Amino acid sequence: MAATATGPFGFAPAIAVFPLVAFVITLVFGRHLPKKGALPGILATAGSLVVSVVMFAAVAGGGEHHTTLYEWTSGAATSETMVEGIEFTFGILIDPLSALMLVIVSLVALLVHVFSLGYMNAEGETGLRRYYAELGLFTFSMLAFVFADNLLMAFMFFELVGLCSYLLIGFWFRTESAPSAAKKAFLVTRFGDYFFLIGVVAIAATFGTVGFAGEESFVTAAETAIDDGTTLFGFDAETWVTITGLLVLGGVLGKSAQFPFHTWLPDAMEGPTTVSALIHAATMVAAGVYLVARMFGYYALSPTALAIIAFVGGFTALFAATMAVVKDDIKQVLAYSTISQYGYMMLGLGVGGYVAGVFHLMNHAFFKALLFLGAGAVIILMHHEQDMWEMGGLKDKAPVTYYTFLAGALALAGIVPFSGFWSKDEVLFDALAVGLEQPVILAAYAMGLLAVFFTGFYTFRMVFLTFHGEPRSAAAEDPHSVGWAVKVPLLALGTLATVAGFANLAPVAELLHADITFLEFWLDGKYGAVEGLTYHAYHETVAFEEGVIGSETTTMLLSAGLSLGLALAGAFTAHTLYNVPEPSRHTTKLGGAYRVLKSNYYQDEYQVWLAEGLTLPLARAADRFDQTVIDGVVNGTSTISLFGSDRVKRIQTGIVTNYAALLVGGFIGLLLVLGYLGGWFA
Amino acid sequence: MMIEALIAVALVGALVTFVAPNRIAGKLAFAISLVPAALSLWLFAAFDGSGNALLDGELAFESQTAWLEIGDHSVSWFVGLDGISLPLVVLTTILCTLAIVSSWTPIDERESQFYGLILFIEASLIGVFSALDFFLWFVFWEAVLIPMYLLIGIWGGPRRKYAAIKFFVYTNVASLVMFGSFIALVFGLGDSVTSFALPEIATAMRNGGLDGLFGLGGPALASVVFVGMFLGFAVKVPIVPFHTWLPDAHVEAPTPASVLLAGVLLKMGTYALLRFNFTMFPDQVETYAIPIAAIAVISVIYGAMLALAQTDLKRIVAYSSVSSMGYVILGLVAYTTFGVGGATFQMVSHGLISGLMFMAVGVIYNATHTRMVTDMSGMADRMPIAVGILIAGAFGYMGLPLMSGFYGEFTIFFGTFGSELLEYSPLFTSLAMFGIVIVAGYLLFALQRTVFGPYRLETDYEVGRAPVHDIASMGVLLGLIILLGVAPDLIFDMITDAIEPIIGGGL
């Protein structure tokens, strides 16, 4: 561990420090800077990207890095496992997982900063300094979250990205809707973080450590406790691991917008589209899933927790995909698709498919950032119109936007050979393999599989309505133009969305018996890794049986064929319905289901009711109780002594000199009495 | 003699300010208050104490002079600081200076008296936190009440008389209960003690020197005294159901008085609980742990629910203090290093954050002349920097990491979760922690309605930016909040050093 602390890894803190510096510079001097602070942000994220790539290369060269930077606090405490004393620190853990994530986050952040030049600066927007400062603070927090080496540090930066999300969703604070959406986003995720914080506290109090890696980690401590049959807080060790794991999962479900905490994400589209791309698609929402991957060794100890993760993931994938089908706003479609796609990642991780989950996380970051930035470009083209029914025919007028968007759409729908196909297929294959032995997982798999059809459908409905057919409004007839700052990020992400899947061609490798599953090797520590944090180590811990239909090869091909077939079927349905010159709504065919879908299964209604229909009246009732009963007793007591106070009132002359005289006189009097008692005058 | 100097400067400063012309009183008081602020920072830097002041610790800046004899007991001028009291003294001097600055705009009558009273409060508060003789301590304890009563009663809002009398009578009755209980304790200790010096009494208590009184045996007397003192201090904290004086006092008090009331005066209650109940009665703490934890949780949740129902910004912040102080009680009763240490840290942290919140609300009030959430919206449009600081303060209140509030709450939660003294501690901790959701609810709701949205405020004048001196003083507080959030060990180390003797070497 110590041997690799020198060399390139010494620069690791700079990854987060660059954006922090950009934040401070922009905050203080932004008004006087050209482009209102865009340049420090671009330079900082570029710097972070360079250092991240260096870290990536160093890991590829067999290195890893785990070091403590700063001791936040320490003290005496006795944990359940009899560890004396505890230290809470800030440290850096760079292993294959975090190195990969650092590159993804800093790359997307850089591209979004560049895109902002075309999206925000060009529009005569006020408040750009605030925008770039908050973006810098976000990038700092997110990168620090990614390389955090312990759960508490991760929680802290998890909260800070939540703050930035709040601020950026509410960027257009002069409207009514943006501040409301920002509040909702923070509150819903805070509700999840409540459980997360209990989880952190519980883990710290149980094991006396919050470290992710090494002998001193809570994962190792939990393994030992389970092996020794220790009783923790009155539970057997495995049950306690399940409980604490599920508590932490509360934060994951909140941030990654999983059912039932998904309701904030569609509202978060009130923020600028660049923010949606960076925070509410590619990075912050990924933080939840990343956290599960980061502490996968812990979840691997609890089959119950894993099964719950898988089931919630599968359910959310389907649930959100069905809602995306009826949305008219292009960003809303993407928002629901984001929720759905994170469901897939959860499904993958929940069945023990660590590689599959991380693979989809990576691919999704690229293609969803691409789609959101593409939607941003469309919004520029359309003079700030977001309703897809007002669009149409943009294909020929904006070819760069169209083709890059199409690449993203193909990846999202999961059409071979675009990136999304490979990772989604791997998730589904892993789920099927476990599902053949576990009915609960099979149900989760079935939901994930069905969601593929809906994904294909809503994705291409969006593409056809936006780009195909005849223009349906004046804005679509005569679109605005977009500049290089918009096109360059689109092209970069379009390329990645197309080819990123080649990082792990599992079915091809199976067929050809070729060693081309590079991502699996990467996460398995074939190049460099921290001991214990490898795919193999996790896979051995996960207690799931896996089944096959025929042989492993046929199962894999069957699974791939099924998901590809469903995706194509969905896309084809969209083609027949919407790829016509004058598409019309087909929602009446859905009947009552349409209303349910359009109302998002009334999820918002009941959550708003919880807040405004239940909690607020309860608070008001408490207030009335407080005013009448509790304060009534207090005032009642004083009425009894009213006579006395009536006399005392006379000294309230309102003349301060009198009060001052009383004050000083009283003080002296007290001294005299005490002095007399003390025998001064004897 | 450093502490005496600190008190003397503030006291003499108060007298000088009393007789100074109104015109210069504000600036004069500010200049004077810089001396104790600087001195206390010097004390902080030069602090060389260790251990607990009451339990054989090495006192810093100790000074003891015989004063008088009452019966068999001697009373002395006895002051000194340990790791618990020093941070509170620094908090006091800094907040007093900033409170003076925040008075410049709103206070426009009888200035010399106003600023004189603030300096008088400062002297008394320093005395409360540094006195180690019960009589001396009690004199300072009572001396705080009078100027605060006057600040509310003279410079307050429309119902100032009611609020001031309620504050004064309520806390004074509580003091009486506490005083009586303590005297009973001293008599009960009989020959074990020969003075009112708190270290002597604490040591005697922990050595089991309590004999009994009025036919009560030692343990029974200890329980009676413990409960009596707890009730006495509970009003000051305040703990539900003794909290109703607080919102009234806050709403009527002028901004600087609110800053001091929430920032320091409430801490007198928790400080005294820690010094008396939780230091002298370890057995009773264990006996009453569950009921105390229960009212702590109720204070947190009920206080937060009350805050949720308010539409007056000041009432919101006032009720949220009830909620935050509930965390302190929970941490104390956990009786672990992190629990009690976190509670002490939270006293300082809450002093800074609630001070900042009251200042920010005051700045908005100065500009708008209303505090009602329903009266305004979109203030961020007109006062961007002040609102930015208000938002930062609100997130500090919500326990945003890297700000001091998070550290205080996290250490309390962590220290309580694994407490061995408190049964069902995970359950109590989890329940109390739900406060972090409700606090986000009411603060974000208030922010959404007042500072965001389209600008709306019915005035016949143009609302401009906040004055620089207000921004600067809020900036100082925000800086301290972030500093303590990033580097909590600046004070946490000395706090735990003073805590560990109380709980017996550290659980």
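Just so it is clear, the model here is predicted, and its values are computed rather than measured. (Residues numbered from 1 in each chain as written. Chains lettered and ligands numbered in written order. Predicted model: local features only at pLDDT ≥ 70, side-chain atom pairs only at ≥ 80, totals over all residues. Heavy atoms only, no water.)

(A) Region of interest: the overall build of chain A. Within chain A one finds 28 helices and four strands. Computed over its C-alpha atoms, the radius of gyration of chain A comes to 29 Å, within 12% of the 26 Å expected for a compact globule of 682 residues. Taken over the C-alpha atoms alone, chain A extends approximately 110 × 65 × 55 Å along its principal axes. Classification of the 682 residues of chain A by burial places 61% in the buried group. Summarising the internal contacts of chain A: among those between residues at least 6 apart in sequence, 79% fall at separations of at least 24. Taken as a whole, chain A presents about 24,000 Å² of accessible surface, with 66% of it coming from carbon and sulfur. The distance from the centre of the 30 positive side-chain charges to the centre of the 52 negative ones in chain A is 18 Å. (Helix = DSSP H or I, 4+ residues; strand = E, 2+ residues; numbered from the N terminus. Rg over C-alpha atoms; globule rule 2.2 N^0.38 Å. Buried < 20%, exposed > 50% of the residue type's maximum accessible area, 1.4 Å probe, protein only. Contact = heavy atoms within 4.5 Å. Areas by Shrake-Rupley, 256 points an atom, 1.4 Å probe, with all protein chains shown as cover. Lys, Arg positive; Asp, Glu negative; His and termini not counted. Charge placed at Lys NZ, Arg CZ, Asp CG, Glu CD.)

(B) Quick peek at unusual backbone geometry. All names here are of chain A. Cis geometry marks the peptide bond from Phe259 to Pro260; its omega dihedral reads 0°. Here Pro260 shows up in the loop between α8 (237–255) and α9 (264–267). Cis geometry marks the peptide bond from Val416 to Pro417; its omega dihedral reads 0°. Of note, Pro417 is situated in the loop between α16 (399–413) and α17 (419–435). Here His384, not a glycine, exhibits a phi torsion of approximately 70°, which is positive. Its location among the elements puts His384 in the loop between α15 (354–381) and α16.

(C) A look at the interface of chain A and chain B. The interface is formed by 69 residues belonging to chain A together with 76 residues belonging to chain B. Between chain A and chain B we count two salt bridges in total. Counting across the interface, chain A meets chain B through 19 residue pairs in polar contact (both at pLDDT 80 or more). If you list the elements that add at least two residues to the side of chain A that touches chain B, you get β1 (65–78), β2 (84–94), α5 (151–169), α6 (177–207), α26 (603–640) and α28 (656–677) of chain A. Here the side of chain A that touches chain B gets 15 residues from one element, more than from any other, and that element is α6(A). Here the residues of the side of chain A that touches chain B are counted per class, giving 46 nonpolar, 13 polar and 10 charged. (Salt bridge = Lys/Arg side-chain N within 4 Å of Asp/Glu carboxyl O. Polar contact = N/O pair within 3.5 Å; in protein donor to acceptor, adjacent residues only side chain to side chain. Nonpolar A, V, L, I, M, F, W, Y, C, P; charged D, E, K, R; others polar.)

(D) Looking closely at the UniProt feature "domain: NADH:ubiquinone oxidoreductase chain 4 N-terminal" (unreviewed entry) in chain B. Listed under "domain: NADH:ubiquinone oxidoreductase chain 4 N-terminal" (unreviewed entry) in the UniProt record, and renumbered for this structure, are residues 73–126 of chain B. Annotated as residues 73–126 of chain B, this span is 65% helix and 17% strand, and its ends, taken at the C-alpha atoms, are 25 Å apart. (UniProt positions renumbered as here; feature names shortened; annotations may be inferred.)

(E) Quick peek at the nonpolar core. Counting 476 residues, the largest nonpolar core has Leu151(A) and Trp137(B) as the members making the most contacts within it. Sort the elements by how many residues they give to this core and α15(A) lands first, with 21 residues. Counting the residues that make up this core, at least three belong to each of domain 1 (363–530 + 544–591) and domain 2 (599–651) of chain A. Among all residues touching Leu151(A), those that are not within four sequence positions of it are Phe196(A), Val200(A), Ile203(A), Val210(A), Phe212(A), Phe218(A), Val248(A), Leu291(A) and Met295(A). (Core = buried A, V, L, I, M, F, W, Y, C linked by side-chain atoms within 4.5 Å. Domains from an automatic or database assignment.)

(F) View of the UniProt feature "domain: NADH:quinone oxidoreductase/Mrp antiporter transmembrane" (unreviewed entry) in chain A. The UniProt record marks residues 148–442 of chain A with the feature "domain: NADH:quinone oxidoreductase/Mrp antiporter transmembrane" (unreviewed entry), using the residue numbering of this structure. Secondary structure content for residues 148–442 of chain A is 73% helix and 1% strand, while the C-alpha to C-alpha distance between its ends is 34 Å.

(G) Layout of helix α3 (residues 96–119) of chain A. Along its 24 residues, α3(A) runs 34 Å from first to last C-alpha, staying within 8% of the 34 Å computed at 1.5 Å per residue. Across the 24 residues that make up α3(A), a large majority, 24, are buried. (Expected span 1.5 Å × (residues − 1).)

(H) Local environment of the UniProt feature "domain: NADH:quinone oxidoreductase/Mrp antiporter transmembrane" (unreviewed entry) in chain B. Summarizing the sequence annotation, UniProt attributes the feature "domain: NADH:quinone oxidoreductase/Mrp antiporter transmembrane" (unreviewed entry) to residues 131–422 of chain B in the numbering used throughout. Secondary structure across residues 131–422 of chain B divides into 76% helix and 2% strand, with the first and last C-alpha atoms of the span separated by 31 Å.

(I) Spotlight on the pairing of β1(A). All names here are of chain A. Summarising the sheet, β1 and β2 pair through 10 bridges and their orientation is antiparallel. Across the sheet, the residue bridging to Thr67 is Ile92, located in β2. Counting the residues in the hairpin turn of β1 and β2 gives five residues, including Met82, whose phi is positive at 65°. (Pairing = 2+ DSSP bridges.)

(J) View of the packing of aromatic side chains. Under the defined criterion, the tally for this structure stands at 88 aromatic pairs over all chains. Look at Phe453(A) and Phe454(A): their rings are 5.7 Å apart centre to centre, the planes differ by 80°, and that puts the pair in the edge-to-face class. Residue Phe454(A) is classed as partly exposed on the basis of its relative accessible area of 23%. For the ring pair Phe134(B) and Phe182(B), a centre distance of 3.9 Å and an interplane angle of 15° mean the geometry is stacked. Of this pair, Phe134(B) sits in helix α5 (residues 134–155) while Phe182(B) sits in helix α6 (residues 160–189), placing them 48 residues apart in sequence. Pair check on accessibility: Phe134(B) and Phe182(B) agree, each one buried. Between Lys255(A) and the ring centre of Phe158(A), over which it is positioned, the NZ or CZ distance is 4.4 Å. One Lys or Arg, Arg461(A), reaches over the ring of Tyr578(A) and ends 5.5 Å from the middle of that ring. (Phe/Tyr/Trp six-rings, centres within 6.5 Å; stacked < 30°, edge-to-face > 60°. Lys NZ or Arg CZ within 6 Å of the ring centre and 35° of its normal.)

(K) Molecular detail of the domain arrangement of chain A. Taken as a whole, chain A is organised into domain 1 (363–530 + 544–591), domain 2 (599–651) and domain 3 (656–682). Put simply, the middle of domain 1 of chain A and the middle of domain 2 of chain A, counted by C-alpha atoms, are 54 Å apart.

(L) Highlighting the pattern of salt bridges. One pass over the structure, following the stated rule, counts 16 salt bridges over all chains. In this structure, Asp82(B) and Arg275(B) form a salt bridge, with 2.7 Å as the shortest nitrogen-oxygen distance. Note that Asp82(B) is positioned in the loop between β2 (73–81) and α3 (85–103) and Arg275(B) in helix α10 (residues 255–280), a separation of 193 residues in sequence. Note on accessibility: Asp82(B) and Arg275(B) belong to one class, buried. Among the charged side chains, a network of salt bridges with common partners joins Arg174(A), Asp381(B), Arg382(B) and Glu462(B).

(M) A look at the packing of helix α17 (residues 425–433) of chain B against helix α18 (residues 435–450) of chain B. Residues and elements named next belong to chain B. α18 packs onto α17 with a crossing angle of 5° between their chain directions and a minimal axis gap of 5 Å. The angle between the axes of α17 and α18 places the two elements in the roughly parallel class. In this structure, α17 uses Leu431, Ala432 and Met433 to contact α18, whose residues at the interface are Gly435, Ile436 and Val437. Looking at the contact of α17 with α18 residue by residue, the class counts come to five nonpolar, one polar and no charged. (Axes fitted to C-alpha atoms, helices over the stretch in contact; angles between N-to-C directions. Parallel < 35°, antiparallel > 145°, perpendicular 65-115°, else oblique.)

(N) Main features of α6(B). Taking 1.5 Å per residue as the helical rise, α6(B) with its 30 residues ought to reach 44 Å, and the 43 Å between its terminal C-alpha atoms agrees with that figure. Positive phi shows up at Gly190(B), right after α6(B), with a value of about 55°.

(O) Region of the structure containing the side chain of Ser165(A). All names here are of chain A. Tracing the backbone shows Ser165 in helix α5. The exposure class of Ser165 is buried, given its relative accessible area of 3%. For Ser165, the residues in contact, after removing those within four places along its chain, are Ile279, His280 and Met284.

(P) Fine view of a nonpolar patch on the surface. All names here are of chain A. On the surface, Val17, Val21, Val24, Ile25, Leu27, Val28 and Phe29 cluster together into a nonpolar patch covering about 560 Å² of accessible area. Looking at the secondary structure, you find Val21 in helix α1 (residues 14–29). Judged by its relative accessible area of 40%, Val21 falls in the partly exposed class. (Patch = residues over 30% accessible without salt bridge, like charges linked within 9 Å, V, L, I, M, F, W, Y side chains within 5 Å.)

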